[in-house]
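# Summary of the model geometry
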Amino acid sequence: MSYDLIVVGAGPGGYVAAIRARQYGAERVAVVEKGHAGGTCLNVGCIPSKALIASATRLEAVRHAATFGVQGVDPAALGINVAALMERKNKIVTMLRGGVEQLLKGHGVELIRGTASIPAAGQVVVNGDTLAAKNIIIATGSTWRTLPGLPIDGTTVVVSDHMLEWQHVPARLLIIGGGIIGCEFASMMQSFGAAVTLVEATESLLPGEDLVIGRTLARSFAKRGITVHTGTTVEQLETTNGAAATLANGTRVEADRVLVSVGRKPYTEGLGAEALGLLNERGFIPVDAGMQTTVPGIYAIGDVVGGMMLAHVASAEAEVAVKNCLGGHVTMDYHAVPRPVFTTPEVCAVGETEKGLQAAGVRYKTGRFTYAAVGKALCAGETDGAAQVYTDENGVLLGGHVIGAEATDLGQQLCLAIQQRLSVEDVAHTIFSHPTLSEVVKEAVEDAAGFAVHKVGPKRP
């Protein structure tokens, strides 16, 4: 049996690639999936974690209801029903998973259950059957990285997959790794009642982002009672009767559970990628700007290629790969990728960081505006946060960073502006609703040119 395209993996890169191929005219398209449709993001990543985070957000809102004059709420009496949280989370995942399968079916994509291997270009073996394909897209995603001396037992020492199935909240939780996932779970579990200690080896939380963002988040965490240790590592971990960790800075941390969250690695097990010469020394599959591997006719997208391991990046890469599979000549553009973090407060960054601009020797201007100076933030009791942007010397936006309430949505405004290479003047001439949190973005952009209205500074030229 021959196909125009076979996609290996039905995650946010794979299923989007398969559907796009049909929309762009491919006659026979199949996607091979050994697990659940939707991949890591839908089943054990973005969606289930955000379902639980939504519960944590509502719990925090009720906990502080008295501040808004709401009576009858006793913060000390508040709690969570873990079984109900998990039931709601599972319903959402099941509904969306079924939706993906229906989309594939509706678009005429054949969903093949099984484990795929690729013995050669143009061939995919599934369940003992050899299928022929004009083109192949590898979208097999990633799996958890572990640390030497910290074996994952699924009970005391876990990864986030395990936490998404917990039936009770541990009294004390140690999280190793202060990246996106480590910070999200620290924020959520503290809201649910756990005493959280977070350890990050680099100088700041969210080490891939601006230092000011990581340090602002750490201060916010400290106010909430989350203990943060940066610039140190776990030197020793004992797991008898719970866990006890000795940090390199000499601190001893006792916990009931330990979450290891130190990043992810590409998943290529059984694929045959090494025999084809597709893997680099780090185990990723390198691709060119059109998402093609070193073997003509074989493309790769998503976490398996490295870079920004985000679901929406995989979907964007799918668009590029499919167009090139079908005879196009397009390239992937990463200059305006949003990087959301669903902590409390939220974080979103897009484009360049200050460290990156400095390393590249780019001359830039900085604009900054705080939530505390925005009317809607005061009304909503959300004054903890700020927006910070960078422009080139001509005022064209290069990067934007927001920490605060609804930052993951506000960051999308900056994403659009940076994608379209808008200038400070372009944003200044755009009317923003008042009173809204979005005004923090406009004022930060205007501040880069020194004429934010609600901030003392030079007059507008």
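We now turn to the structure provided with this report. (Residues numbered from 1 in each chain as written. Predicted model: local features only at pLDDT ≥ 70, side-chain atom pairs only at ≥ 80, totals over all residues. Heavy atoms only, no water.)

## Remarks on helix H4 (residues 82–106)
How we decide: Helix and strand assignments follow DSSP, with helices taken as H or I runs no shorter than four residues and strands as E runs no shorter than two, numbered in order from the N terminus. A helix is expected to span 1.5 Å for every residue after the first. Within 3.5 Å is the distance limit for a polar contact, defined as a pair of N or O atoms, with the added protein rule that one can donate a hydrogen and the other accept it, and that residues adjacent in sequence qualify only through two side-chain atoms.
Look at H4: 36 Å from first C-alpha to last across 25 residues, which is about the 36 Å you get at 1.5 Å a residue. The opening residue of H4, the one whose side-chain oxygen lies 3.2 Å from the backbone nitrogen of alanine 83, is asparagine 81.

## Remarks on the side chain of asparagine 135
The following threshold applies: The buried label applies to any residue whose accessible area, calculated with a 1.4 Å probe on protein chains only, is under 20% of its type's maximum; exposed applies above 50%, and partly exposed to all values in between. Residues count as neighbours in contact if any of their non-hydrogen atoms are within 4.5 Å of one another.
With respect to the helices and strands, the residue asparagine 135 is situated in strand S6 (residues 129–138). You can call asparagine 135 buried: its relative accessible area is 12%. The residues contacting asparagine 135, other than those within four sequence positions of it, are Asp4, Leu5, Ile6, Gly297, Tyr299 and Cys325.

## Quick notes on the environment of proline 12
Inspection of the secondary structure puts proline 12 in the loop between strand S1 (2–8) and helix H1 (14–23). Residue classification places proline 12 among the buried residues on the basis of a relative accessible area of 17%. Linking proline 12 and tryptophan 166, residues 154 residues apart in sequence, is a C-alpha distance of 25 Å. Once residues lying within four places of it in the same chain are set aside, the contact partners of proline 12 are Gly38, Cys41, Ala311, Ala314 and Ser315.

## Focus on the packing of helix H6 (residues 180–191) against helix H7 (residues 211–224)
Defined as follows: Think of each axis as a best-fit line through the C-alpha atoms, taken over the contacting stretch in the case of a helix, with angles from 0 to 180 degrees between the N-to-C directions. Reported orientations rely on four angle classes, namely roughly parallel under 35 degrees, roughly antiparallel over 145, roughly perpendicular from 65 to 115, and oblique for the rest. Crossing handedness is read from the near helix: turned anticlockwise from the far helix by less than a right angle, it gives a left-handed crossing, and turned clockwise, a right-handed one. Polar here means any residue other than Ala, Val, Leu, Ile, Met, Phe, Trp, Tyr, Cys and Pro, which are nonpolar, and Asp, Glu, Lys and Arg, which are charged; Gly is therefore polar.
Taken N-terminus to C-terminus, the directions of H6 and H7 make an angle of 20°; their axes are 11 Å apart at the nearest point. Of the possible angle classes, the one that applies to H6 and H7 is roughly parallel. Helix-helix and strand crossings are classified by hand; for H6 and H7 the assignment is left-handed. Residues Cys183, Ala186, Ser187, Gln190 and Ser191 of H6 touch H7, and the partners they reach there are Leu217, Phe221 and Arg224. Taken together, the residues of the contact of H6 with H7 break down into four nonpolar, three polar and one charged.

## A few points about a negative patch on the surface
Rules: What goes into a patch is any residue over 30% in relative accessible area without a salt bridge, connected to like charges within 9 Å or, for nonpolar side chains (Val, Leu, Ile, Met, Phe, Trp, Tyr), within 5 Å. The accessible surface values rely on the Shrake-Rupley method and a 1.4 Å probe; as for residues, cover is taken only from the protein chains in view. The working definition used for a salt bridge is a side-chain nitrogen of Lys or Arg within 4 Å of a carboxyl oxygen of Asp or Glu. Under the counting rule used here, the positive set is Lys and Arg, the negative set is Asp and Glu, and His together with the chain ends is not counted. The location of each charge is read from NZ of Lys, CZ of Arg, CG of Asp or CD of Glu.
On the surface, a cluster of negative charge is made up of Glu382, Asp384, Glu406 and Asp409. You can see aspartate 409 is positioned in helix H11 (residues 407–419). For aspartate 409, a relative accessible area of 55% corresponds to the exposed category.

Limitation: the analysis is restricted to geometry and does not speak to function.
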